[in-house]
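One-letter residues, chain by chain:
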Amino acid sequence: MASNGDMHKNNKIAIVGSGLIGRSWAMIFASAGYQVTLYDILPSQVSTALENIKGRLDDLKKAGQLRGSLSPEEQFNLITGTNELKEAIQGAGFVQECVPEVLELKRKVFKQMEEFAGDETILSSSSSCITPSEITETLQRRKQCVVSHPVSPPYYAPLVEIIPAPWTDQAVVDKTRALMEEVGQVPVTLRRELPGFALNRMQYALINESWRLVADGLLSCADVDKVMWAGMGMRYAFIGPFEVMHLNAEGMASYLERYSKTIQNVSADFGPNPTFDGEGYKQIVKEMDELIPLDQLEERRKARDARMAALAKLKHDMDGHEKTD
């Protein structure tokens, strides 16, 4: 693997898997001017994905939320589809795998991808919890492999967790991070792999306590969600937990002096990790099905994405104003 450097625009990007995450990745890379080849097994899956991408790009333009300087038509023309893996991988500088979170499937796909990859090709997985070593340990090109875990939906939530396996070449990590920054994502790099990476470990801690509060009869599901979207989420949309601590006192040392014992005492009262079954399971499923009936999930997802798009635009505009002040 060559030394660290930016990906060249003439290097094709390959996306393996044309579901929601794969489509989002294709749009992100095309918005930065990269040629993108989108692969899936069946021609019908590829054509459906391309049709969906074309419509989404047009909608984003109308809403004033299209990323990049290229028009929807110019971005769409950068994206081609294929149901031949060799055609997708050959000549690609970067490959993003987006198949379901099933270890054996990911191992199979990576084994197939490395057959067509070049010596400089980076093979990246969208895995959300499966570690890169589990996926790549038997590969010949395992030094070229890394995890680039996006947040759903990636087009609006720009975080990407970059996780190397113990054998991943450092240049692969550096190039992947540089590429993610170039296309407008916000990468964080873990120094070593661990189950759940960073985002899901933090998310699961929140889910566990939220579950306990409802299962123990302290709050309803609706009220737990309000604690997030009307409280914590308001500030966490713009700053993280350490900055919250730093700002909520006269710096971090002051915060810890005031609140560390309280944090320890409250944390000691946390119950065991839930098993997500029994009466708690029945209660929470019942409440959520009543709050958002299953036949309204798609409508609710669209409303969520519209709000995330508006928030992403607000943050982008605010960042722009701060840079010009």
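This one's a predicted model, so the numbers in the text were calculated from it and none came from an experiment.

## Describing the overall build of the protein chain
Point 1. Broken down by element type, the protein chain carries 13 helices and eight strands.
Point 2. A compact globule built from 325 residues should have a C-alpha radius of gyration of about 20 Å, and the protein chain, at 22 Å, falls within 12% of that.
Point 3. Across its three principal directions, the C-alpha atoms of the protein chain cover 55 × 50 × 45 Å.
Point 4. Expressed as a percentage of the 325 residues in the protein chain, the buried residues total 38%.
Point 5. In the protein chain, 70% of the contacts between residues at least 6 apart in sequence involve partners at least 24 apart.

## Looking at the pattern of salt bridges
Here the idea is simple: oppositely charged side chains can pair when their charged atoms come close.
Point 1. Within this structure, the stated rule accounts for 16 salt bridges.
Point 2. Taking the shortest distance from any N to any O, the salt bridge between Asp119 and Arg141 comes out at 2.9 Å. In this pair, Asp119 sits in the loop between helix H5 (103–116) and strand E5 (122–125) while Arg141 sits in the loop between helix H6 (132–136) and strand E6 (145–150), placing the two residues 22 residues apart along the sequence.
Point 3. Overlapping salt bridges, with partners in common, bring together Glu97, Glu101 and Lys106 in one network.

## So, unusual backbone geometry
Point 1. A cis amide bond links Ser152 with the next residue in sequence, Pro153, at an omega value of -5°.
Point 2. If you trace the backbone, Pro153 turns up in the loop between E6 and strand E7 (159–164).
Point 3. Look at Phe276: it is not a glycine, yet its phi comes out positive at around 60°.
Point 4. The residue Phe276 is located in the loop between helix H11 (252–268) and helix H12 (278–291) in this model.

Scoring rules and cut-offs
Residues numbered from 1 in each chain as written. Predicted model: local features only at pLDDT ≥ 70, side-chain atom pairs only at ≥ 80, totals over all residues. Heavy atoms only, no water. Helix = DSSP H or I, 4+ residues; strand = E, 2+ residues; numbered from the N terminus. Rg over C-alpha atoms; globule rule 2.2 N^0.38 Å. Buried < 20%, exposed > 50% of the residue type's maximum accessible area, 1.4 Å probe, protein only. Contact = heavy atoms within 4.5 Å. Salt bridge = Lys/Arg side-chain N within 4 Å of Asp/Glu carboxyl O.

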